Amino acid sequence: MASPHATALTHALVAAGRGHSVIPLTRAKLPAVRSPHHAAPAPSPCHGACGRPGHGIHDATPDPLAVRRLFAAAPWATAYGIACGVAPHHLIGIDLDTKHGADGLTALRLLAAGHHFALPPTVTVRTPSGGRHLYFSGPPAPPVPNSAGRLAPGIDIRGTGGYLVGPGSLTSRGRYHLVPGTPRTPAPAPPALLSLLHRLPPTSHQPKPSPAPPPHPAPALLRFVRTSPDGQRNARLFWAACRAYESGLGQEMATALTTAALDTGLTEREARATIASAARR
């Protein structure tokens, strides 16, 4: 049976063969090759100009021989990253999370409905936590910024300077798998989605205002609440109520949101308390 290192290398070479630039990663999903400047930092930021490996995403390459050399320099690597924003695909990664009550896939579908675009079949990877990575190709410019939770709760964006953990990788949380039947090349990102992504501020340590909700959000928000699975009813109601208040419809939708929450099995007291918490946010 192949070792995790050998398995990651094999999958990384497959990705490189499809034009993707890749780097080896540790089980913690961090670049695996140690910086050549760890003992004495370079006098100015070095992005690989020194000619040695160990510069994170700047090491990413589609060249199979270079990929093998990178993995040889990091025998502890059990995963690999696929660089976003570089030729030929100019990859845009949509990371749909399911942790902490988030439902990234439903949130993305709501955005698609609200902004009138369809999500085409594309490369899809299942993450160890049960989430999904969707791969889309984009134009060379302008660059898509990296962001976390800016588009909607449970949706992170991997753009220029970022990377996705590739299928076949083994991390401390488990293995990443290509979804059966998925296309082998990323579909072009819908223009309306690109427009939303280009308006996003990049993630930083400073809090930023939430993105504007989609136009006429009431029907989509109510559907979002009514279709809540067990274990996500409060989280979905709180998210929908926050969006309603952000759009100026909080008071107007409070009764309808309460009714939708009752349909999921929440009590009226629980529903009103959750909506009140969203109003105070």
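All values derive from a computational prediction rather than experimental measurement. (Residues numbered from 1 in each chain as written. Predicted model: local features only at pLDDT ≥ 70, side-chain atom pairs only at ≥ 80, totals over all residues. Heavy atoms only, no water.)

## What to know about the overall build of the protein chain
Stage number 1. Assigned secondary structure in the protein chain consists of eight helices and 12 strands.
Stage number 2. The 281 residues of the protein chain split such that 47% are buried.
Stage number 3. Counting only contacts in the protein chain whose residues sit at least 6 apart along the sequence, the fraction spanning at least 24 positions is 73%.
Stage number 4. Summed over its atoms, the accessible surface of the protein chain is roughly 13900 Å², and 58% of this surface lies on carbon and sulfur atoms. (Helix = DSSP H or I, 4+ residues; strand = E, 2+ residues; numbered from the N terminus. Buried < 20%, exposed > 50% of the residue type's maximum accessible area, 1.4 Å probe, protein only. Contact = heavy atoms within 4.5 Å. Areas by Shrake-Rupley, 256 points an atom, 1.4 Å probe, with all protein chains shown as cover.)

## A few points about helix 4 (residues 191–198)
Stage number 1. Restricting attention to buried positions, one finds in helix 4 the residues Leu 193, Leu 194, Leu 196 and Leu 197. Taken down its axis, helix 4 places every buried residue within 160° of arc, on the same side. (Arc of directions from axis to C-beta.)

## Remarks on the environment of Trp 76
Stage number 1. Within the secondary structure, Trp 76 is located in the loop between helix 2 (64–72) and strand 2 (79–83).
Stage number 2. Separated by 43 residues in sequence, Trp 76 and Val 33 place their C-alpha atoms 9.3 Å apart.
Stage number 3. Dropping the residues within four chain positions of it, Trp 76 is found in contact with His 5, Thr 26 and Ala 32.
Stage number 4. Within the structure, Trp 76 has its side chain in polar contact with the backbone oxygen of Ala 32 (distance 3.0 Å). (Polar contact = N/O pair within 3.5 Å; in protein donor to acceptor, adjacent residues only side chain to side chain.)

## Here's the deal with the nonpolar core
Stage number 1. Formed by 43 residues in total, the largest nonpolar core has its most connected members in Ile 94, Leu 151, Ile 155, Ile 157, Leu 197 and Leu 257.
Stage number 2. It is helix 6 (residues 233–246) that provides the largest number of residues to this core, a total of six residues.
Stage number 3. Core analysis: the next-biggest nonpolar cluster, separate from the first, contains 30 residues, Leu 9, Ala 16, Ile 82 and Val 165 among them. (Core = buried A, V, L, I, M, F, W, Y, C linked by side-chain atoms within 4.5 Å.)

## As for the confidence of the model for the protein chain
Caution applies to low-pLDDT regions: their predicted coordinates should not be interpreted in detail.
Stage number 1. Per-residue pLDDT for the protein chain has a mean of 85; in total, 88% of the residues score no lower than 70.
Stage number 2. Below pLDDT 50 for its whole length, residues 204–216 participates in 17 contacts with residues either more than four positions away or in separate chains. (pLDDT = per-residue confidence, 0-100.)

## Remarks on the packing of helix 1 (residues 4–17) against helix 2
Stage number 1. The interhelical angle for the contact between helix 1 and helix 2, taken along N-to-C directions, is 155°, at an axis separation of 10 Å. In terms of orientation, helix 1 lies roughly antiparallel with respect to helix 2. The two elements helix 1 and helix 2 cross, and the hand of that crossing is right-handed. Between helix 1, through His 5, Ala 8, Leu 9, Ala 12, Leu 13 and Ala 16, and helix 2, the contact on the second element is made entirely by Pro 64, Val 67, Arg 68 and Phe 71.
Stage number 2. Classifying every residue of the contact of helix 1 with helix 2 gives eight nonpolar, one polar and one charged. (Axes fitted to C-alpha atoms, helices over the stretch in contact; angles between N-to-C directions. Parallel < 35°, antiparallel > 145°, perpendicular 65-115°, else oblique. Left-handed = near helix turned anticlockwise from the far one by under 90°. Nonpolar A, V, L, I, M, F, W, Y, C, P; charged D, E, K, R; others polar.)

## Remarks on the side chain of Thr 61
Stage number 1. Assignment of secondary structure puts Thr 61 in the loop between strand 1 (22–25) and helix 2.
Stage number 2. A distance of 3.0 Å separates a polar atom in the side chain of Thr 61 from the backbone nitrogen of Asp 63.
Stage number 3. The residues touching Thr 61, leaving out its near neighbours within four places in the chain, are His 20, Ser 21, Val 22, Ala 66, Val 67 and Leu 70.

## A look at helix 1
Stage number 1. Compared with the 20 Å implied by 1.5 Å per residue over 14 residues, the 20 Å span of helix 1 between its first and last C-alpha is a close match.
Stage number 2. For helix 1, the complete set of buried residues consists of His 5, Thr 7, Ala 8, Leu 9, Ala 12, Leu 13, Ala 15 and Ala 16.
Stage number 3. Buried positions along helix 1 lie against strand 1, helix 2, strand 2 and strand 10 (174–175).
Stage number 4. Residue Gly 19 follows helix 1 closely and has a positive phi angle near 95°. (Expected span 1.5 Å × (residues − 1).)

## Thoughts on unusual backbone geometry
Stage number 1. Cis peptide bonds are those with omega within 30 degrees of zero, and the linkage from Ala 87 to Pro 88 qualifies with 5°.
Stage number 2. Structurally, the position occupied by Pro 88 is in the loop between strand 2 and strand 3 (91–96).
Stage number 3. Following Ala 141, the chain continues into Pro 142 via a peptide bond in cis, with omega recorded as -5°.
Stage number 4. Relative to the helices and strands, Pro 142 is located in the loop between strand 5 (132–137) and strand 6 (147–152).
Stage number 5. For His 90, which is not glycine, the phi torsion reads 50° and is therefore positive.
Stage number 6. Note on placement: His 90 falls in the loop between strand 2 and strand 3.
Stage number 7. Given the relative accessible area of 15%, His 90 is considered buried.
Stage number 8. The backbone of His 116 sits at a positive phi, close to 60°, despite the residue not being glycine.
Stage number 9. Inspection of the secondary structure assignment puts His 116 in the loop between helix 3 (104–114) and strand 4 (124–126).
Stage number 10. According to the relative accessible area criterion, His 116 is exposed, its value standing at 73%.

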